[in-house]
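# What the coordinates show
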Amino acid sequence: MTPRPLRIGNASGFYGDRFDALHEMLTGGELDVLTGDYLAELTMLILGRDRLKDPGAGYARTFLRQLEECLGIAQERGVRIVANAGGLNPAGLATRVRELADRLGIAVRVAHVEGDDLTAAHPGSLAAHAYLGGFGIAECLRAGADVVVTGRVTDAALVTGPAAAHFGWRPTDHDRLAGAVVAGHVLECGTQATGGNYAFFAERSHELRRPGFPLAELHEDGTAVITKHPGTGGFVDVGTVTAQLLYETQGARYAGPDVTARLDTVRLTQDGPDRVRISGVRGEAPPPTLKVGLNKLGGFRNEVVFVLTGLDIEAKAALARAQMEPALGKVDSVHWELARTDRADADTEETASALLRLVVRDPEQDAVGRALSGAAIELALASYPGFHVLAPPGKGAPYGVFEDVYVPQGAVDQVAVLDDGRRVPVAPAQDTLVLEDPAEPELPAPLSQGPTRRAPLGLVAGARSGDKGGNANVGVWVRTDEAWRWLAHTLTVDRFRELLPETADLNVTRHPLPNLRALNFVVEGILGAGVAAQHRFDPQAKALGEWLRSRHLDIPEALL
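Residues numbered from 1 in each chain as written. Predicted model: local features only at pLDDT ≥ 70, side-chain atom pairs only at ≥ 80, totals over all residues. Heavy atoms only, no water.

## Some remarks on the nonpolar core
- Counting 71 residues, the largest nonpolar core has Leu218, Ile226 and Val266 as its most contacted members.
- Residue contributions to this core peak at 8 residues, all from helix 7 (residues 174-187).
- With residues near it in sequence (within four places) discarded, leucine 218 still touches Pro5, Leu6, Ile8, Val159, Ala163, Phe167, Ala180, Ala183, Thr223 and Ala224. (Core = buried A, V, L, I, M, F, W, Y, C linked by side-chain atoms within 4.5 Å. Buried < 20%, exposed > 50% of the residue type's maximum accessible area, 1.4 Å probe, protein only. Helix = DSSP H or I, 4+ residues; strand = E, 2+ residues; numbered from the N terminus. Contact = heavy atoms within 4.5 Å.)

## Overview of the packing of helix 9 (residues 313-328) against helix 11 (residues 370-377)
- Their axes nearest at 9 Å, the elements helix 9 and helix 11 cross at an angle of 155°. Classified by the angle between their axes, helix 9 and helix 11 sit roughly antiparallel to one another. You can see that helix 9 and helix 11 cross each other, and the crossing is right-handed. Contacts from Met324, Ala327 and Leu328 of helix 9 reach helix 11 at Ala371, Leu372, Ala375 and Ala376.
- The class makeup of the residues in the contact of helix 9 with helix 11 is 7 nonpolar, no polar and no charged. (Axes fitted to C-alpha atoms, helices over the stretch in contact; angles between N-to-C directions. Parallel < 35°, antiparallel > 145°, perpendicular 65-115°, else oblique. Left-handed = near helix turned anticlockwise from the far one by under 90°. Nonpolar A, V, L, I, M, F, W, Y, C, P; charged D, E, K, R; others polar.)

## Observations concerning the sheet that holds strand 24 (residues 508-513)
- Pairing is antiparallel across the open sheet formed by 4 strands, whose spatial order is 22-23-25-24. Both edges of this open sheet fall to strand 22 (461-468) and strand 24, since each of them pairs with a single strand only. Neighbour to neighbour, the strand axes of the sheet diverge by 15° on average, direction disregarded. (Pairing = 2+ DSSP bridges.)

## Section: the packing of helix 7 against helix 8 (residues 238-246)
- Axis separation between helix 7 and helix 8 bottoms out at 8 Å; the angle between their running directions is 100°. Comparing their axes, helix 8 and helix 7 come out roughly perpendicular. Taken together, the residues of helix 8 that come into contact with helix 7 (itself represented by Val182, His185 and Val186) are Val241, Gln244 and Leu245.
- Tallied by class, residues from the contact of helix 7 with helix 8 come to 4 nonpolar, 2 polar and no charged.

## Re the side chain of glutamate 284
- Residue position: glutamate 284 is located in strand 13 (residues 282-284).
- Polar side-chain contacts of glutamate 284 include one of 2.8 Å to the side chain of arginine 262.
- Apart from residues lying up to four places away in sequence, glutamate 284 is in contact with His174, Arg253, Val259, Thr260, Arg262 and Leu433. (Polar contact = N/O pair within 3.5 Å; in protein donor to acceptor, adjacent residues only side chain to side chain.)

## Focus: the pairing of strand 7 (residues 214-218)
- Most of strand 7 sits out of view: 5 of its 5 residues are buried.
- On strand 7, burial covers both faces: Pro214, Ala216 and Leu218 on one face and Leu215 and Glu217 on the other are all buried.
- By the bridge criterion, 4 bridges tie strand 1 (residues 6-10) to strand 7 in an arrangement that is antiparallel. What sits directly across from isoleucine 8, in strand 7, is alanine 216.
- Note that strand 7 and strand 8 (residues 224-228) share 5 bridges and pair antiparallel. Bridge assignment links leucine 218 to a residue of strand 8, and that residue is alanine 224.

## Section: unusual backbone geometry
- Residue aspartate 345 is not a glycine yet carries a positive backbone phi of 50°.
- Within the element layout of this structure, aspartate 345 appears in the loop between strand 15 (333-339) and strand 16 (353-362).
- Although it is not a glycine, arginine 517 adopts a positive phi angle of roughly 55°.
- Looking at the secondary structure, you find arginine 517 in the loop between strand 24 and strand 25 (518-523).

## Digging into the packing of aromatic side chains
- Following the criterion strictly, the structure yields 10 aromatic pairs and no others.
- Relative to phenylalanine 235, the ring of tyrosine 198 has its centre 5.9 Å away and its plane inclined at 75°; by these criteria the two rings are edge-to-face. Pair noted here: tyrosine 198 is in the loop between helix 7 and strand 7 and phenylalanine 235 is in the loop between strand 8 and helix 8, with a separation of 37 residues, a long-range link.
- With a centroid separation of 6.0 Å and 90° between ring planes, the pair formed by phenylalanine 200 and tryptophan 477 is classed as edge-to-face. Of this pair, phenylalanine 200 sits in the loop between helix 7 and strand 7 while tryptophan 477 sits in strand 23 (residues 471-478), and the two are 277 residues apart along the sequence. (Phe/Tyr/Trp six-rings, centres within 6.5 Å; stacked < 30°, edge-to-face > 60°.)

## Details of the pairing of strand 14 (residues 289-309)
- Most of strand 14 is tucked away, with 15 of its 21 residues classed as buried.
- Bridge count between strand 5 (residues 127-130) and strand 14: 4 bridges; the pairing is antiparallel. Its bridge partner being in strand 14, alanine 128 is matched across the sheet by leucine 294.
- Direction of pairing for strand 14 relative to strand 18 (residues 397-408): antiparallel, over a ladder of 12 bridges. Residue pairing for strand 18: arginine 301 is matched across the bridge by alanine 397.
- Here strand 14 pairs with strand 16 via 10 bridges, running antiparallel. Across the sheet, residue asparagine 302 finds its bridge partner in strand 16, namely valine 360.
- Looking at chain direction, strand 14 and strand 17 (residues 388-389) are connected through 2 bridges and run antiparallel. Residue pairing for strand 17: phenylalanine 306 is matched across the bridge by valine 389.

All quantities given are derived from atomic positions and should not be read as evidence of function.
Below, the structure written as C-alpha cells:
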C-alpha cells in the first residue's frame, strides 16, 4: 500500500524568527513533523563567538525556550520536531532538551546528528562545518526519536530526512528526494512562502499583517502541495512559491549532499486557494563533494555616519573627508559612501539631509577604535555647518569573513546519536555525479514589436535576492507567457549590468528557468567576504532585486 502523505511544517526561518510560531503551528492544524531552520552563515559566526565565551554554548537558546511551552503539545498531538538549532553543539542541545523534558515530566526520545564539525581540520577558523544531508535525521526518526536536533545540515535536509524515513526512500531514489528538496527549499524560510518579502505584496497587503507559516503535504512519489493552516494570515500562490524557489539558488542544478535537484524541471500549478502543487521534479546523483562553510574572524570594524543638511552637500562631504584623512592614514581599509537622501526645499529637516557613511576595517582594534572616534568627535565645532552624527563611533567591533571549501563526501563521518546513546554511522552517498551546468534551454520566440513605454521593470516582473557567501543571486520572474517572451530576450547580462551599475565590473551569470518563467542572475563578489564582513549598505543583498525592479526601461505597452 502507498504510504499516506506526510504533513510537514516549518516554524522558523532564522535564529530570531517569530517566537510564537512553534505554538501556532502545533495548534493550528494537523501535522506529522514540525521543522525549524535556525542556521545561516552569519548565525554560525554568532554561535562560534558564543562558544568562545562558554564551551557549553553554541546552540540556538530560543529553541529551548520555545520547547518549554510546546514540548507537551507536540507529544499530545504526535508531532515530531526536527530542527538544526544544535548549531555548533547538537549534543549539548540534545542534553538540554532531555533535561527540560525530565523537569516537565514529559517522556520524549531525543536524538541528534553530528559529524559536520570540521573546525579542527581548518586551523584559524572559528567554525568550519560541512553541510550534511537528511539521512542522519532519517536514521534518528526510524529509531523512534520524538525530537531530532542537528548541527549544520542543508536547509532542505530538515524535510528530506523525515520524508525518507516516512516513505522508506533509499539514497538512489533521486527523483523523489529531489521533490522533497524543492519542497524543503520552499519551506525553509518560513513566511517567505506565504507572502512575506513578496514583490507584488501591494496587491494583497491586507492579508500580510501576520502571515502564517507554511507546510507541505508530501507524497510518496516526491510531489508536494505547499499550503498553510486554515485561517492563518498571508497567502500561498504560484508567485509566492516561485519567489522562494529562486531565493539563494544559482543555476538549474540545485546541488545538495543527498541529491541534485533539477530546478528546470519544476512545475507549479495552483491547486485551490492557498495550495500550490509541485510536480515534475527530476533528480540526479549528488556531487562527490560536500560544501564546508568556514567562518573566521577578519579583524575589527567601525563606522560613523555624518549628517549633512541643506545646501552645499558635496562641499560639506569633501570637507569632512579631508578633515578625517589624517586619522585614517594607517587604517587597512577605508570606505566612504554619500547617500543623497536630501531633497531641495524640504519641509522637514530629515528630508533636507544627506548621509555620509565612513566604514573602516583593520586587523588591530586600536586602529579603528579610539583613533577614529576621537577624530570624528573632535570635529563637532570645527567642521561644516550643522555638523552632527547619527551616533558616536564606538571602540570597534570584531567582524567575520565567510568562505566555502569542498571536501570528499567520504571525508565526513556523519553519525546519528540515538536516545539510548547508540551511535549509528550514516554512509555517504555512493552514487555521485560531478556537477556541470546544463545546456542552455530553448527560449520562446521574442515578443512582437509594438509601442513601448519607459517604466519600472517591477510593473511586470517580480524579484527576490539573497546572499551566498560573497556572492548574491537575483531571481526575476514574470506571470504570463507574453511577459516571459519579452523578459527572456530583454534582460540580458549586459542589460542587467546597465540597470545595476554596482555590478558592472563583476562576473554576472544568467540562468534561464523557462518552466518558472524566470531568470536567475548570480553576481560574484558583490558582498566581499560575506554578510559578517558588512561589505556594503545591504550586506545580504536582500533588496538588490527591489533595486532592479525600480529601474526604468522600455516595456511593451501590451504588458503594462
